[in-house]
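Listed below, chain by chain, are the residues.
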Amino acid sequence: MLFDGVCNLCSGSVRTVLALDRKGLIRFTPIQSAYGRQLALAHGIDPDQPTSFLFLDGGRALEKSAAILALLRRLGAPWSLLAVIGVLPRSWLDGGYDWLAANRYRLMGKRSTCMLPTPEQRARFILEPPAA
């Protein structure tokens, strides 16, 4: 999960996923890290002005509502049941996502530095490209 580490909404989402992902399957990369910038650029996201988080799921890079729906499915029940919102038109879901993304700093604020994971969480954060 590639996220904006200085965005309070995004960092809060990461903390929520850390708490809900009981199996510890989901990994996180802040877009402000060297690897995060590399991933963002490779998938057409401006790392200096990100408009979406990126969720890599089974080799697919997903953005906006598709990323949220895939993330919900990965969390398992009962959270995966929320993916039922996927029956709504993608244009509605992405429109809502775009509005929230455009206003996230104004609504939730911005940090001066990236969130720091606890020592227990650190293993779930990827800051360097995986070895080939």
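This report concerns the structure included in the present document. (Residues numbered from 1 in each chain as written. Predicted model: local features only at pLDDT ≥ 70, side-chain atom pairs only at ≥ 80, totals over all residues. Heavy atoms only, no water.)

## Topic: helix α4 (residues 90–108)
Thought 1: The largest bend along α4 measures about 50 degrees and falls at Ala 102.
Thought 2: Listing the buried residues of α4 in full gives Leu 93, Asp 94, Tyr 97, Ala 101, Asn 103 and Arg 104. (Bend = angle between axes of the 7 residues up to and from the residue. Helix = DSSP H or I, 4+ residues; strand = E, 2+ residues; numbered from the N terminus. Buried < 20%, exposed > 50% of the residue type's maximum accessible area, 1.4 Å probe, protein only.)

## Examining the pairing of strand β4 (residues 60–63)
Thought 1: Note: strand β3 (residues 54–57) against β4, 4 bridges, orientation antiparallel. Of the residues in β4, the one forming a bridge with Asp 57 is Arg 60.
Thought 2: The hairpin formed by β3 and β4 contains 2 residues between the paired strands, and Gly 58 there has a positive phi angle of roughly 60 degrees. (Pairing = 2+ DSSP bridges.)

## Topic: a nonpolar patch on the surface
Thought 1: There is a patch of nonpolar side chains on the surface, built from Val 84, Ile 85, Val 87, Leu 88 and Trp 92 and spanning about 530 Å² of accessible area.
Thought 2: Its place among the elements puts Ile 85 in the loop between α3 (64–75) and α4. (Patch = residues over 30% accessible without salt bridge, like charges linked within 9 Å, V, L, I, M, F, W, Y side chains within 5 Å. Areas by Shrake-Rupley, 256 points an atom, 1.4 Å probe, with all protein chains shown as cover. Salt bridge = Lys/Arg side-chain N within 4 Å of Asp/Glu carboxyl O.)

## Remarks on the packing of aromatic side chains
Thought 1: For the structure shown, the criterion picks out 3 aromatic pairs.
Thought 2: When the centroid spacing of 6.4 Å and the interplanar angle of 75 degrees are considered together, the rings of Phe 3 and Phe 125 count as edge-to-face. Of this pair, Phe 3 sits in strand β1 (residues 2–3) while Phe 125 sits in the segment after α4, and the two are 122 residues apart along the sequence. Like Phe 3, the residue Phe 125 is buried in the burial classification.
Thought 3: Ring centres of Phe 28 and Phe 125 lie 5.3 Å apart, and the angle between their planes is 35 degrees; on these two criteria the pair is classed as tilted. In this pair, Phe 28 is assigned in the loop between α1 (8–20) and β2 (29–30) and Phe 125 in the segment after α4, connecting sequence segments 97 residues apart.
Thought 4: Given the relative accessible area of 11%, Phe 125 is considered buried.
Thought 5: Through pairs of rings, three or more aromatic residues link up here, namely Phe 3, Phe 28 and Phe 125.
Thought 6: Looking at Arg 104, its charged tip hangs above the ring of Tyr 105, at a distance of 4.4 Å from the centre. (Phe/Tyr/Trp six-rings, centres within 6.5 Å; stacked < 30°, edge-to-face > 60°. Lys NZ or Arg CZ within 6 Å of the ring centre and 35° of its normal.)

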